[in-house]
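# Structural overview for review
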Amino acid sequence: MTDNSTRNEALVLADSTLENLPDHLLIEIFIRIPVSEWAQLSCVKRRWANLFSGEYLWQAALEKNYPFSSQAKRWPGPIPRGLSKRRYTALYVSEHFFSLDGEIDEIVGHTYLFLKEQLVFSRAPPSSAILHGTIIDQFIACGKSRDAAYELASQIWLAVLDNMEENDHTFLVLKSLAQEEDVFLPYPYTKSIKVQWRVFEKLFTDFRDCFDHADYYDVLASAKNKFQPIPSTWLGC
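To keep things clear, this report deals only with the structure shown in the data block.

What counts and how
Residues numbered from 1 in each chain as written. Predicted model: local features only at pLDDT ≥ 70, side-chain atom pairs only at ≥ 80, totals over all residues. Heavy atoms only, no water. Helix = DSSP H or I, 4+ residues; strand = E, 2+ residues; numbered from the N terminus. Phe/Tyr/Trp six-rings, centres within 6.5 Å; stacked < 30°, edge-to-face > 60°. Buried < 20%, exposed > 50% of the residue type's maximum accessible area, 1.4 Å probe, protein only. Lys NZ or Arg CZ within 6 Å of the ring centre and 35° of its normal. Salt bridge = Lys/Arg side-chain N within 4 Å of Asp/Glu carboxyl O. Expected span 1.5 Å × (residues − 1). Contact = heavy atoms within 4.5 Å. Polar contact = N/O pair within 3.5 Å; in protein donor to acceptor, adjacent residues only side chain to side chain. Arc of directions from axis to C-beta. Axes fitted to C-alpha atoms, helices over the stretch in contact; angles between N-to-C directions. Parallel < 35°, antiparallel > 145°, perpendicular 65-115°, else oblique. Nonpolar A, V, L, I, M, F, W, Y, C, P; charged D, E, K, R; others polar. Left-handed = near helix turned anticlockwise from the far one by under 90°.

### Notes on unusual backbone geometry
Leave glycine aside and you will find that most residues have negative phi; peptide bonds, for their part, are mostly trans. The residue after Tyr187, namely Pro188, is reached through a cis peptide bond having omega 10°. Along the chain, Pro188 falls in the loop between α10 (168-179) and α11 (193-205). A cis amide bond links Gln228 to the next residue, Pro229, at an omega of -5°. Secondary-structure assignment places Pro229 in the segment after α12 (213-226).

### Comments concerning the packing of aromatic side chains
Summed over all chains, the structure comprises 24 aromatic pairs. A centroid spacing of 6.1 Å and a plane angle of 80° characterise the contact between Phe98 and Tyr112, whose relative ring orientation is edge-to-face. Placement of the pair is Phe98 in the loop between α6 (84-97) and α7 (106-120) and Tyr112 in helix α7, with a sequence separation of 14 residues. Classification of Phe98 as buried rests on a relative accessible area of 8%. Exposure remark for Tyr112: the relative accessible area of 2% places this residue in the buried category. Here the basic side chain of Lys191 rests over the ring of Trp157, its NZ or CZ set 5.8 Å away from the ring centre.

### Some details on the pattern of salt bridges
Applying the stated criterion across every chain, the model contains ten salt bridges. A salt bridge links Glu117 to Arg86; the shortest N-O distance between them is 2.8 Å. Here the residue Glu117 occupies a position in helix α7, and Arg86 occupies one in helix α6, the gap between them amounting to 31 residues. Judged by relative accessible area, Glu117 falls into the partly exposed class, the value being 31%. Asp206 serves as the salt-bridge partner of Lys202, at 3.1 Å between the closest nitrogen and oxygen.

### Description of α12
A rise of 1.5 Å per residue sets the reference length of α12, with its 14 residues, at 20 Å; its end C-alpha atoms lie 21 Å apart and thus fit the reference within 8%. Here the buried face of α12 lies against α10 and α11. The distance from a side-chain oxygen at the start of α12 to the backbone nitrogen of Ala214 is 3.3 Å, and the residue carrying that oxygen is Asp212.

### Let's talk about the environment of Glu201
Looking at the secondary structure, you find Glu201 in helix α11. Spatially, the C-alpha atoms of Glu201 and Asp168 are 17 Å apart, while their sequence positions differ by 33 residues. Sequence-distant contacts of Glu201, defined by excluding residues within four places in its chain, comprise Asp206 and Trp234.

### Describing helix α2 (residues 23-30)
Considered for burial, the residues of α2 that qualify are Leu26, Ile27 and Phe30. For α2, the arc enclosing every buried residue in end-on projection is 100°, short of the 170-degree limit, so these residues lie on one face.

### A closer look at the packing of α2 against helix α4 (residues 46-53)
As a packed pair, α2 and α4 sit with axes 11 Å apart at the nearest point and diverge in direction by 75°. In terms of their interaxial angle, α2 and α4 are classed as roughly perpendicular. When α2 is examined against α4, the residues Asp23, Leu26, Ile27 and Phe30 are found in contact with a partner set consisting of Arg47, Trp48, Leu51 and Phe52. Looking at the contact of α2 with α4, its residues break down into six nonpolar, no polar and two charged.

### Focus on the packing of α10 against α11
For the pair α10 and α11, the least separation of the axes is 9 Å and the interaxial angle reads 135°. Relative to α11, the element α10 is oriented oblique. As for the relative orientation of α10 and α11, their crossing is left-handed in sense. Counting all contacts with α10, which are made through Phe171, Leu174, Lys175, Leu177 and Ala178, the residues of α11 involved are Val199, Phe200, Lys202 and Leu203. Its residues assigned to classes, the contact of α10 with α11 shows seven nonpolar, no polar and two charged.

Shown next, in the form of structure tokens:
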């Protein structure tokens, strides 16, 4: 018997064994597999896809990986907690995307998801002032100080900007953010200089080839109004 036929028989046996398992045992297996493979697993069979779209798998994943999450109370503010899948995603984001002195703060993950959805999936995102104000209000409603809310909001903006795909939609969003008129807002409702700088930095490095002549000079003029001096690498199109 060849190695290929042996391997194929083993795969068929494993598949039939899994197919005979009840849902709760399949779920116990799935939540022990690395998260990076879950999307691929959910595409193998319709039954598996249904498990990944249901609440029970995500509740089990929360209990296994974030057992403290069951003790978390609902919070006030405009950004909702959502169901188990969204909570798991928010906790995962908080743990892996942010340095919070070893703490996993669920609301930080939810705020990241909120901002990314508004910028990436909305055809007409609200102004950055509205988005930033919503984030600040959310953190203050959850008991954060003004300084902590400002710092967390800046971290979230930077993380979202750095994780946006390089495509036409992202270019249009960044260009819109860069060309927004400055509105005076009291601290902590003003976006940090780091965030404003990152918008222009991405435009003039990652998206330089997307500009037409007029757009380039419009955005360059906005950069000069905000920052002096500007890097020489931003000059020239």
